[in-house]
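Architecture and fold: a report
Here is how the chains run, residue by residue.
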Amino acid sequence: MFTGLVEEVGKILEVTDAEGGKRFSISASFAGELAEGDSVAVDGVCLTATEIDTHSFSADVMPETLRASNFEQIVPGSQVNLERALTLSSRLGGHLVQGHVDGLGRLSSRERTQKWDEFTFTAPAHLARLIAPKGSVGINGVSLTVARVEGNNFTVCLIPTTLRLTNLAELQEGQVVNLETDVIAKYVARLEEYND
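Note that the structure is a prediction, hence the values are computed from the model and not measured.

Thresholds, definitions, all that
Along each chain, residue indices are assigned from 1 in the same order as the chain's sequence is written. Two thresholds apply to this predicted model, a pLDDT of at least 70 for residue-level local features and 80 or more for giving and counting side-chain atom pairs, whereas whole-chain, interface and lining totals are computed over all residues. To obtain the side-chain values, all non-hydrogen atoms of the structure were included, while hydrogens and water were left out. Delimitation of the domains relies on an automatic or database domain assignment. Should any heavy atoms of two residues lie within 4.5 Å, those residues are counted as being in contact. Two parts placed together each lose some accessible area under a 1.4 Å probe, and the buried area is that loss summed for both. One speaks of a salt bridge when a side-chain nitrogen belonging to Lys or Arg is within 4 Å of a carboxyl oxygen belonging to Asp or Glu. In this description a helix means any DSSP run of H or I spanning at least four residues, a strand means any run of E spanning at least two, and both kinds are numbered starting from the N terminus. Each residue gets one of three labels, nonpolar for Ala, Val, Leu, Ile, Met, Phe, Trp, Tyr, Cys and Pro, charged for Asp, Glu, Lys and Arg, and polar for the others, Gly among them. Think of it in three bands: with a 1.4 Å probe and only protein chains considered, a residue is buried below 20% of the maximum accessible area for its type, exposed above 50%, and partly exposed in between. We treat two strands as partners when DSSP finds at least two bridges between them. To obtain an axis, a line is fitted to C-alpha atoms, over the contacting stretch when the element is a helix, and the angle between two such axes runs from 0 to 180 degrees between their N-to-C directions. UniProt positions are given in the numbering used here, feature names are shortened, and annotations may be inferred rather than shown by experiment.

Turning our attention to the domain arrangement of the protein. The domains assigned to the protein are domain 1 (8–84) and domain 2 (103–193). On a C-alpha basis, the centres of domain 1 and domain 2 stand 22 Å from each other. Each side of the interface is counted separately: domain 1 has 13 residues, and domain 2 has 13 residues. Taken together, the two surfaces of domain 1 and domain 2 that pack against each other cover about 870 Å², and 37% of this comes from carbon and sulfur. Three residues stand out in domain 1 for area buried against domain 2, namely Asp43, Asn70 and Asn81, and they jointly supply 45% of the buried area on that side. Our count for the contact surface shared by domain 1 and domain 2 stands at zero salt bridges. Broken down by element, the side of domain 1 that touches domain 2 gets its largest block of residues, four residues, from strand S6 (residues 79–84). Among the residues forming the side of domain 1 that touches domain 2, the class breakdown is five nonpolar, six polar and two charged.

What follows deals with the pattern of salt bridges. With the rule as written, the count across this model stands at 12 salt bridges. Between Glu64 and Arg67 there is a salt bridge, with its nearest N and O atoms 2.6 Å apart. Of this pair, Glu64 and Arg67 both sit in helix H1 (residues 63–68), three residues apart, which is roughly one turn of the helix. Two residues, Glu193 and Arg190, come together in a salt bridge whose shortest N-O distance is 2.5 Å. With Glu193 and Arg190 both in helix H4 (residues 183–195), this residue pair falls three residues apart, about one helical turn. For Glu193, a relative accessible area of 47% translates into the label partly exposed. For Arg190, a relative accessible area of 42% translates into the label partly exposed. Salt bridges sharing common partners tie together Glu7, Glu33 and Arg84.

Turning our eyes to something else, we now look at the sheet that holds strand S5 (residues 56–61). Within a sheet, neighbouring strands are paired by backbone hydrogen bonds and run either parallel or antiparallel to one another. Judged by pairing direction, the barrel is antiparallel, and its six strands sit side by side in the order S1-S2-S5-S4-S3-S6 before closing back on the first. Geometrically, the sheet is characterised by an average inter-axis angle of 45° between neighbouring strands, direction not taken into account. Two elements, strand S2 (residues 21–27) and S5, share six bridges in a ladder whose sense is antiparallel. Counterpart to Ser27 in the pairing with S5 is Ser56.

Our next topic: the UniProt feature "domain: Lumazine-binding" (unreviewed entry) in the protein. Taking the UniProt record as the reference, the feature "domain: Lumazine-binding" (unreviewed entry) is found at residues 1–95 and 96–192. Helix makes up 6% of residues 1–95 and strand 44%. Its end C-alpha atoms lie 10 Å apart. End-to-end, the C-alpha atoms of residues 96–192 are 22 Å apart, and along that stretch the chain is 21% helix and 42% strand.

Structure representation (structure tokens):
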């Protein structure tokens, strides 16, 4: 489990093919504190650290993860949001994030105001129904509050601190992002299926 509060922005150092999937080598200042098998959210995807050195770690990415996420677009030099797994003594400043990407969204517009930037994303219909105004959503692993929902579009407002501490500041209109909807919404939707 994670909180959606990004610890740092790391860089993809190397991408190699690995048995139908890929292996990412990722720079991280906390790499030396990791142990083999530790979970790290990389742009909102829970990956397992395999090879570790002082300044980087490697993780294997399965074909299903490549299909469900924007990881096919990742190349050496890509910046990724990083967060280590939550501990029982951690503050839960964001929301409960599992690191299980539900699907992809697309940035449809970005508007700058005096104090924040408004990002509007388009989500697939099956995910849009799980996104509610004032609810939580994970975008590339960042816990955000939904400001507005209109059909399959939803808007979030990013303050300068969030833009500075994550890779969301680099997003351009049309770019694809990893989406994780709120876990409670997913369970409610699943229960509704049994009541139909």
